[in-house]
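# Fold and contact review
Take a look at the letters that make up each chain.
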Amino acid sequence: MVFTGEQQSSMARYLQMKRQMRRPRAAGLVAYSGTRGSYAEEACIRFFGENRLFIPHKSFEDVFKTITGGGADYGVVPIENSTTGAINENYDLLIRYQAAIVGEVLIPVHHCLLGVPGAAISEIQSVYSHEQGFYQSRDFLSKYPNWTLVPYHNTAVAAKMVHDAADPTKAAIASQRAAEIHHLDVLAESINGADNNTTRFIVVSRLLENRPGRNKISLRFTLSDTPGALYQLLGIFDAEHLNLSKIESRPIPNNQWHYQFFLDFIGEIDEDHLDAILKRVMAHTRSFEFLGFYPHG
Ligand SMILES: O=C(O)C(=O)C[C@]1(C(=O)O)C=C[C@@H](O)C=C1
């Protein structure tokens, strides 16, 4: 089989990531998006335990900059919500910063409306949150069409701002934990539409890791614009009885109406088997990137 230059460089990058693979760090610093009380901080605690240093960052991109610059061993960012779907920005940042996924963690998300102590819902004029907080609480917010919704970097940063402003006309959408940490009252509980609203966070790092129990693989690939290209690629996973858990298509910047695909699959496979599968994937794609091999959360 003859591979194109692009396919060969995809494989070379995968082999280099494998060569640089390391053991999980028992004590490395962890960068996360938000501030104390954010869902991302909850994800850090759930994944790493309480005894680590978690460093808050203003934006998702700042988390990626810190890990690729060597300022922290790990970063924790949301990738997908069970109600509203992909957090697109983080798919794009994964590629831009060439980060590897080394773990994932699922966090139940129950948003509350938070106000300064003594505030009443009838007084609220403006509400602050991450845009995901607004999407996930759409039905609740539709009952208050006069409220001004102000997007913020993060739910907990919005909660802190409302506390600091000490203004009973301002409210935040964030967690109950954020209310406790930032000394706010819960004006309305569980305001997100779906009871089982859950956000999947990924743990990213500069290098791949050989974490025990690895059974989930994430890839990104592009295809030639020919009939059946995606169908043929997906046939590989069918033939191997591998369970696809997610496929997401995103536009390719500066390549109008062409798409890149992000795919996750789950299977009890060893590294040799994975190499064989990736060779077949490579033969069916124009380019591909291996994003991670990690335990399913
Ligand atoms: O971590 C937080 O608190 C955030 O504000 C981010 C974020 C997200 O981007 O999805 C995290 C979880 C919830 O889905 C809502 C917001």
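Keep in mind that what you see is a predicted model, and the values were worked out from it rather than measured.

## Notes on the domain arrangement of the protein chain
Domain assignment breaks the protein chain into domain 1 (1-20 + 211-297) and domain 2 (112-195). When each unit is reduced to the centre of its C-alpha atoms, the spacing between domain 1 and domain 2 is 40 Å.

## Focus on the layout of surface pockets
Space inside the largest pocket adds up to approximately 250 Å³. Taken together, 17 residues make up the lining of the largest pocket; nearest its centre are T222, L223, I252, H258 and Y259. Among the elements of the structure, β12 (216-222), α9 (229-239) and β14 (255-266) are those that each provide at least two residues to the lining of the largest pocket. Looking at which element gives the most residues to the lining of the largest pocket, the answer is β14, with five residues. Each residue belonging to the lining of the largest pocket can be placed in one class, and the counts come to seven nonpolar, six polar and four charged. Estimated volume of the second largest pocket: approximately 170 Å³. Taken together, 13 residues line the second largest pocket, and the ones lying closest to its centre are I87, E89, H130, E131 and Q132. When residues of the lining of the second largest pocket are traced back to their parent elements, those giving at least two are α4 (88-96) and α5 (131-136). The dominant element in the lining of the second largest pocket, judged by the number of residues it contributes, is α5, at three residues. Across the lining of the second largest pocket, the residue classes break down as six nonpolar, five polar and two charged.

## Concerning the pairing of strand β11 (residues 198-205)
By the criterion of burial, β11 is predominantly enclosed, with seven of the eight residues buried. Here six bridges tie strand β3 (residues 74-81) to β11, and the two strands are oriented antiparallel to one another. Bridging across to β11, N81 finds its partner in T199. Relative to β11, strand β5 (residues 100-108) runs antiparallel, the two sharing eight bridges. In the strand pairing of β11, E104 is matched with I202.

## Structural notes on the nonpolar core
One recurring pattern in soluble globular proteins is that nonpolar side chains are buried together. One finds I217, L219, F237, F265, L274 and F290 to be the most contacted residues of the largest nonpolar core, which totals 26 residues. Secondary-structure elements contributing two or more residues to this core are α1 (5-19), β12, α9, β14, α10 (271-284) and β15 (287-294). Among the elements that make up this core, the one with the highest residue count is α10 (five residues). Residues within four places of I217 in sequence aside, it is in contact with L263, D264, F265, I269, L274, F290, G292 and F293.

## Digging into the UniProt feature "domain: ACT" (unreviewed entry) in the protein chain
In this structure's numbering, the residues bearing the UniProt feature "domain: ACT" (unreviewed entry) are residues 218-295. End C-alpha to end C-alpha, residues 218-295 measures 11 Å, and it is 32% helix and 45% strand.

## Regarding the site of the ligand
As a matter of local geometry, the ligand sits amid 15 residues, with Y39, A40, Q136, T155 and T199 nearest to it. Q136 is positioned such that a nitrogen or oxygen atom in its side chain is 3.0 Å from an oxygen atom of the ligand. Between the ligand and the protein, one listed contact pairs an oxygen atom with a side-chain N or O atom of N154 at 3.1 Å. A total of 360 Å² of accessible area belongs to the ligand in isolation, and the protein chains cover 100% of it.

The rules behind each value
Residues numbered from 1 in each chain as written. Predicted model: local features only at pLDDT ≥ 70, side-chain atom pairs only at ≥ 80, totals over all residues. Heavy atoms only, no water. Domains from an automatic or database assignment. 1 Å grid on protein atoms, 1.4 Å probe; cavity = no way out; pocket = protein on both sides within 12 Å on 5 of 7 lines; lining within 4 Å. Points joined across faces, edges and corners; volume = space filled by probe spheres on them. Helix = DSSP H or I, 4+ residues; strand = E, 2+ residues; numbered from the N terminus. Nonpolar A, V, L, I, M, F, W, Y, C, P; charged D, E, K, R; others polar. Buried < 20%, exposed > 50% of the residue type's maximum accessible area, 1.4 Å probe, protein only. Pairing = 2+ DSSP bridges. Core = buried A, V, L, I, M, F, W, Y, C linked by side-chain atoms within 4.5 Å. Contact = heavy atoms within 4.5 Å. UniProt positions renumbered as here; feature names shortened; annotations may be inferred. Near = heavy atom within 4 Å. Polar contact = N/O pair within 3.5 Å; in protein donor to acceptor, adjacent residues only side chain to side chain. Areas by Shrake-Rupley, 256 points an atom, 1.4 Å probe, with all protein chains shown as cover.

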